[in-house]
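What follows is the residue order along each chain.
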Amino acid sequence: EAQVTQNPRYLITVTGKKLTVTCSQNMNHEYMSWYRQDPGLGLRQIYYSMNVEVTDKGDVPEGYKVSRKEKRNFPLILESPSPNQTSLYFCASSNHTGPGTTGELFFGEGSRLTVL
Amino acid sequence: AQSVSQHNHHVILSEAASLELGCNYSYGGTVNLFWYVQYPGQHLQLLLKYFSGDPLVKGIKGFEAEFIKSKFSFNLRKPSVQWSDTAEYFCAVNVPLNTNAGKSTFGDGTTLTVKP
């Protein structure tokens, strides 16, 4: 079954304690991205990756890091989490990396993070 | 950069009422357009998409949307809503020739509540 898998789904942590949210897709998609969803603000892009070893900042990258060592995985790293990073996070992938493709995003189930 | 505006933040309807959710985008060139739906507690999933051809596109569960290029609009419609359509709806635009070719910019979302 084609899917995007995120872990953990729920996490409560404390300020400053490093954490990683994993994301894996089995569709051989080149493009992957992280979004955060906050009430009244919709979805905002944190980081994206056009391919292995190619990553770039989205609209709200501060406080986050990513890596793309393999095509299927795109972990989101919070080196020193703060309460303003409490949010619902979605990983997404797409086969859209150039003209002529549709850019439909396939989303993971979401990871709800609370930073105390 | 492209942007997306959804006109209604919260819509409340009775079952069998007709639905139209407005979406306008700002970008002067070719775009791909999407509507995603997020049912309570779930991840986003594609409802329908437009990238070329017939400007009236049909999606799952009886939804349709019409692309009007002159108005930069991509409104979502359904003739008769059901209680199970209660969800949050996001309009998104993607610029296929942009360097961040996979980036979808999302509107803030419209919460639809259907009363039985």
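Look a little higher up for the structure.
Since the structure is predicted, the reported quantities are computational estimates derived from the model, not experimental observations. Numbers given to residues run from 1 along each chain, matching the order in which its sequence is written. Whichever chain is written first becomes A and whichever ligand is written first becomes 1, with later ones labelled in order. Totals for whole chains, interfaces and linings use every residue, but because this is a predicted model, local features are given only for residues with pLDDT of at least 70 and side-chain atom pairs only at 80 or more, for both listing and counting. Think of the side-chain values as coming from all heavy atoms in the structure, minus any hydrogens and water.

## Re the overall build of chain A
Note the following rule: Helix and strand definitions follow DSSP, with helices as H or I runs of at least four residues and strands as E runs of at least two, each counted in order from the N terminus. Burial classes follow relative accessibility: with a 1.4 Å probe on protein chains only, a residue under 20% of its type's maximum area counts as buried, one over 50% as exposed, and anything between as partly exposed.
From N to C terminus, chain A includes 0 helices and 11 strands. Mapped in sequence order, the helices and strands of chain A form the string β-β-β-β-β-β-β-β-β-β-β. A principal-axis box enclosing the C-alpha atoms of chain A has dimensions of 45 × 30 × 25 Å. Across the 116 residues that make up chain A, the buried fraction comes to 52%.

## Re the sheet that holds strand β8 (residues 76-78) of chain A
Residue and element names in this part refer to chain A. Going by this rule: Two strands qualify as a pair provided that DSSP identifies no fewer than 2 bridges between them.
With antiparallel pairing, the 4 strands of this open sheet are ordered in space as β1-β3-β8-β7. A single partner strand is all that each edge strand has here, and the edge strands are β1 (4-7) and β7 (65-66). Note: β1 against strand β3 (residues 19-25), 4 bridges, orientation antiparallel. Looking across to β3, one finds that T5 is bridged to S24.

## Describing the nonpolar core
Heads up, the rule is: Take the buried Ala, Val, Leu, Ile, Met, Phe, Trp, Tyr and Cys residues and link them wherever side-chain atoms come within 4.5 Å; each set so joined is a nonpolar core.
With 29 residues, the main nonpolar core has L33, W35, L48, F74, L76 and Y89 of chain B as its most contacted residues. The leading source of residues in this core is strand β10 (residues 87-94) of chain B, at 4 residues. Counting 19 residues, the second-largest nonpolar core is a separate cluster that includes C23, W34, Y89 and L113 of chain A.

## Let's talk about the pattern of salt bridges
A side chain with one charge may pair with a side chain of the opposite charge, provided their charged atoms come close. Just so we agree on the cut-off: Each salt bridge in this description consists of a side-chain nitrogen of Lys or Arg and a carboxyl oxygen of Asp or Glu lying within 4 Å of one another.
If you walk through the whole model with that rule in mind, you get 9 salt bridges over all chains. When the shortest N-O distance is used, the salt bridge between K65 of chain A and E79 of chain A registers 3.0 Å. Here E79 of chain A lies in the loop between β8 and β9 (87-94) and K65 of chain A lies in strand β7, a separation of 14 residues in the sequence. The residue E66 of chain B makes a salt bridge to R77 of chain B at a minimum N-O spacing of 3.3 Å. With E66 of chain B in strand β8 (residues 64-68) and R77 of chain B in strand β9 (residues 73-78), this residue pair connects regions lying 11 residues apart in the sequence. Each of K58, E64, E66 and R77 of chain B takes part in salt bridges that share partners, so that together they form one network.

Remember that the coordinates give geometry; whether it matters functionally is a separate question.
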